[in-house]
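Reading the structure
In case you want the letters, here they are:
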Amino acid sequence: MHLKDLNGTLPPVGDEGTGKSSALEGKPIKTGRPLETGMSLSLWLQTVRNNPLLNHRTTEDLPQSADVVIIGSGATGSLTALSLLQSPNPPKSIVLLEAREMCSGATGRNAGHCKPDQWRGFSKYAQAFGPDEAIKILKNEQQTWESLVSYVRTHKVDCDLWAGKTFDVYMTEEVAKLAEKTITEYKAAGGDVSKIDVITDPAEAERISRIRGAKALYAWNASTLHPWKLVAHVNKQSLALGLNLQTWTPVTKVSGSANDWTVHTERGNIKTPIVIHATNAYAGALLPETRGGIKPTPHMCNKVLPPSTFAGSDSLQNSYAVIYPTGTYTINSRPTSDGILLFGGAAPNQSKLLDYVAKDQKRRIDDSLTDFEPVTEAVRTLGTEGFEWDEPKRGSKVLYDYAWSGIIGRSADQVPFIGEVPEKKGQWICAGHNGHGMARIFTCAPALAKLVQGATWADAGLPNCFQVTKERLEKYRDPDWDLEETD
Ligand SMILES: Cc1cc2nc3c(=O)[nH]c(=O)nc-3n(C[C@H](O)[C@H](O)[C@H](O)COP(=O)(O)OP(=O)(O)OC[C@H]3O[C@@H](n4cnc5c(N)ncnc54)[C@H](O)[C@@H]3O)c2cc1C
């Protein structure tokens, strides 16, 4: 995202490569259901090919009815199912339907980074929703991170969890000044800055970040993890509590009326009073009212093996956002697992991908792309004297290994759509996580489960601006998005 598009603000965490300057902005973006064949395989999906949950079907046939049907087995659908099943008054039957392999959408192909926005998005959120609501959004992200880490530790989930300092590294005076302005505004509005380390001395910022030319550095707690393994653990727990999981079962339509819905699939239909749409970027295929509010936006992730000079005790020990006025690179360094680096954000192949889609707006957006263009510019900024990337004094060079694509459910106003779908009593949604679901879903999905079971919005404990309303959907509704062409 280019700073000139940001009206004097910084991009919130999670909006680095998907924002206003994208080639798709302002144009109808369409997608139908998830691609049935030819999809790329993320690092995560590559490493679990022998896991039986990938194509699990709890029963050979679909049940004809259920108390609750959840569509989508990413983090949202899976965690909503578990939250319902662990509630004091759980539904007697829940069916979780997934179009392809379990957790093969954005959750199974993201960068595995849970980075709560502590302050960076404050000014942007405050412009949109006011300072109090902006503070609530940021508090919610911190809560989400704490809740994810606590779940993994309590249940000893084998998912390569790393918890440590994430670095925001500001690379020019211009962005460093904007960062200073943002944190000052945040503090003045009553925001909590106690968990943020601020380094404004460039020499110190360079030394700590190991990035040549760094002007300022902000650090706070975040995590990296294997997202598929996390969701697999959630679903294992749910299966033990009676969940019926059905992979390779795309939902083609939901018909009916208030609390009397039929969920249609090619394997048969399920009658249910409650449907939960956990389809994120694909929400528009089944819920036309979300077309425009939730914009499917393709995104790339790049796997890079660091050179010997960045290995062993010299390996990176933090995750990064490297911020320039023209865009932000994100680097996920996985310090507790294999030291492999994952690059995202404004990587060159990201804009190539957006151009590719923008050239033909009728093209169905899919997640089949593995085109790899080295993220050279990004990796070359790393390293101080004597720690060069491409020509290390000894050992192996950097290896640009593999890239994969996925579809982000970009929200037209930056925040997710959560709650009962207006005028469709008994249909619920939690989607539009805007490239940032890992720092949202661990509070949003349990909150949705509470709402489904009768809690008020206030009881659910989410920022007000996350609530799905008719007004919000109508404001962003895209009349040119014609599903017939795309499904
Ligand atoms: C390349 C990439 C990198 C990212 N990096 C990060 C990151 O580092 N940190 C972060 O916080 N966020 C990141 N994100 C965003 C994050 O992955 C998402 O916000 C989050 O995973 C959304 O989870 P979800 O469960 O709502 O959606 P998904 O995980 O997309 O789950 C939706 C599921 O619904 C299924 N589905 C859709 N339609 C149907 C249908 N009709 N019938 C049946 N099933 C259906 C899909 O197949 C899919 O499995 C990234 C996203 C991408 C694509």
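All of the points below concern the structure found in this document. This structure is a prediction, so every number in the text was calculated from the model and none was measured.

What counts and how
Residues numbered from 1 in each chain as written. Predicted model: local features only at pLDDT ≥ 70, side-chain atom pairs only at ≥ 80, totals over all residues. Helix = DSSP H or I, 4+ residues; strand = E, 2+ residues; numbered from the N terminus. Buried ≥ 20, exposed ≤ 12 C-beta atoms within 10 Å, placed from the backbone. Contact = placed C-beta atoms within 7 Å. Near = placed C-beta within 6 Å. Core = buried A, V, L, I, M, F, W, Y, C linked by C-beta atoms within 7 Å. Domains from an automatic or database assignment. Pairing = 2+ DSSP bridges. Axes fitted to C-alpha atoms, helices over the stretch in contact; angles between N-to-C directions. Parallel < 35°, antiparallel > 145°, perpendicular 65-115°, else oblique. Left-handed = near helix turned anticlockwise from the far one by under 90°. Nonpolar A, V, L, I, M, F, W, Y, C, P; charged D, E, K, R; others polar. Expected span 1.5 Å × (residues − 1).

Looking only at helices and strands, one finds 13 helices and 18 strands in the chain. Counting every position in the chain, which comprises 487 residues, the buried fraction comes to 54%. Sequence separation of 24 or more characterises 78% of the internal contacts of the chain that already satisfy a separation of 6 or more.

As a further point, take the site of the ligand. The environment of the ligand is formed by 47 residues, the closest being Gly-72, Gly-74, Gly-105, Gly-406 and Gly-437. Elements that contribute at least two residues to the shell around the ligand include exactly helix H2 (75–85), strand E3 (113–114), helix H8 (283–286), strand E12 (294–305) and strand E16 (399–411).

Moving on, we get to the nonpolar core. Grouped together as the largest cluster of nonpolar side chains are 127 residues, with contacts concentrated most on Val-69, Val-169, Ile-418, Ile-429 and Leu-448. Here the element with the most residues in this core is helix H11 (residues 441–452); it accounts for nine residues. Of the residues that make up this core, three or more belong to each of domain 1 (3–18 + 164–222 + 296–409) and domain 2 (43–109 + 228–294 + 412–485). Aside from chain neighbours lying at most four places away, what touches Val-69 is Val-95, Leu-97, Val-263, Ile-270, Thr-272 and Val-275.

Regular strands place their side chains on alternate faces of the sheet. Judged by how many residues are buried, strand E6 (residues 216–224) sits mostly within the fold: eight of nine residues are covered. Sheet analysis places E3 next to E6, joined by two bridges and oriented antiparallel. Bridge pairing in E6 links Cys-114 to Ser-223. In this structure, strand E4 (residues 162–170) lies alongside E6, joined through nine bridges in antiparallel fashion. Of the residues in E6, the one forming a bridge with Tyr-170 is Ala-216.

Relative to each other, H2 and helix H7 (residues 227–240) sit at 30°, their axes nearing to 9 Å. Here H7 runs roughly parallel to H2, going by the angle between their axes. When you trace H2 past H7, the crossing you get is left-handed. Here Ala-75, Ser-78, Leu-79, Ala-81, Leu-82 and Leu-85 of H2 lie close against H7, whose contacting residues are Pro-227, Val-231, Val-234, Asn-235, Gln-237 and Ser-238. For the contact of H2 with H7, the residue count by class is eight nonpolar, four polar and no charged.

With that settled, consider the environment of Leu-399. Checked against the element boundaries, Leu-399 lands in strand E16. For Leu-399, a count of 13 C-beta atoms within 10 Å corresponds to the partly exposed category. Residues Leu-399 and Leu-305 lie 94 residues apart in sequence; the distance between their C-alpha atoms is 5.0 Å.

What follows concerns the sheet that holds strand E8 (residues 251–257). Taken together, three strands build an open sheet; the order of strands is E8-E9-E10 and the sheet is antiparallel. In this open sheet, the two strands that pair with only one neighbour each are E8 and strand E10 (268–272). Strand-to-strand, the axes of this sheet are offset by a mean angle of 20°, without reference to chain direction.

H11 packs onto H2 with a crossing angle of 50° between their chain directions and a minimal axis gap of 8 Å. Here H2 is positioned oblique relative to H11, judged by the angle of their axes. The crossing of H2 and H11 is right-handed. Of the residues in H11, those touching H2 at Ala-75, Thr-76, Leu-79, Thr-80, Ser-83 and Leu-84 are Ile-441, Phe-442, Ala-445, Pro-446, Leu-448, Ala-449 and Val-452. Among the residues forming the contact of H2 with H11, the class breakdown is ten nonpolar, three polar and no charged.

The pairing of strand E17 (residues 417–420) with strand E18 (residues 427–431) spans four bridges and is classified as antiparallel. Bridging from a neighbouring strand, Gly-419 pairs with Ile-429 of E18. Hairpin geometry of E17 and E18 is characterised by an intervening segment of six residues between the two adjacent antiparallel strands and by a positive phi of about 65° at Glu-423.

Non-glycine residue Asn-259 carries a positive phi angle of around 55°. Relative to the helices and strands, Asn-259 resides in the loop between E8 and strand E9 (260–265). Classification of Asn-259 by C-beta neighbours within 10 Å gives partly exposed; the count is 13. The residue Glu-423 is not glycine, and still its phi comes out positive at about 65°. Assignment of secondary structure puts Glu-423 in the loop between E17 and E18.

Here we have six strands laid out as an open sheet, ordered E7-E2-E1-E11-E18-E17, and mixed in their pairing. Of all strands in the sheet, those bounded by a partner on one side alone are strand E7 (244–246) and E17. Taken pair by pair, the neighbouring strands of this sheet meet at an average axis angle of 15°, ignoring direction. Bridge count between strand E11 (residues 274–277) and E18: three bridges; the pairing is parallel. Looking at E18, one finds that Ile-276 is bridged to Trp-428. Packing against the sheet, H11 makes contact with E11, E17 and E18, and its axis sits at approximately 170° to E18.

Over its 24 residues, helix H4 (residues 131–154) runs 34 Å from end to end, which matches the ideal 34 Å to within 8%, given 1.5 Å per residue. Looking at H4, one finds that the buried residues are Ala-134, Ile-135, Ile-137, Leu-138, Asn-140, Glu-141, Thr-144, Trp-145, Leu-148 and Val-152. On its buried side, H4 packs onto E3, helix H3 (122–129), E6, H7 and H11.

Right, let's talk about the environment of Gly-426 for a bit. Locating Gly-426 in the fold gives a position in the loop between E17 and E18. Between the C-alpha atom of Gly-426 and that of Ala-258, which follows or precedes it by 168 residues, the distance is 6.1 Å. If near-sequence neighbours (up to four positions away) are discounted, Gly-426 is found in contact with Ala-258, Asn-259, Trp-261, Pro-273, Ile-274 and Val-275.

Honestly, that's just the spatial picture; any functional story needs more than this.
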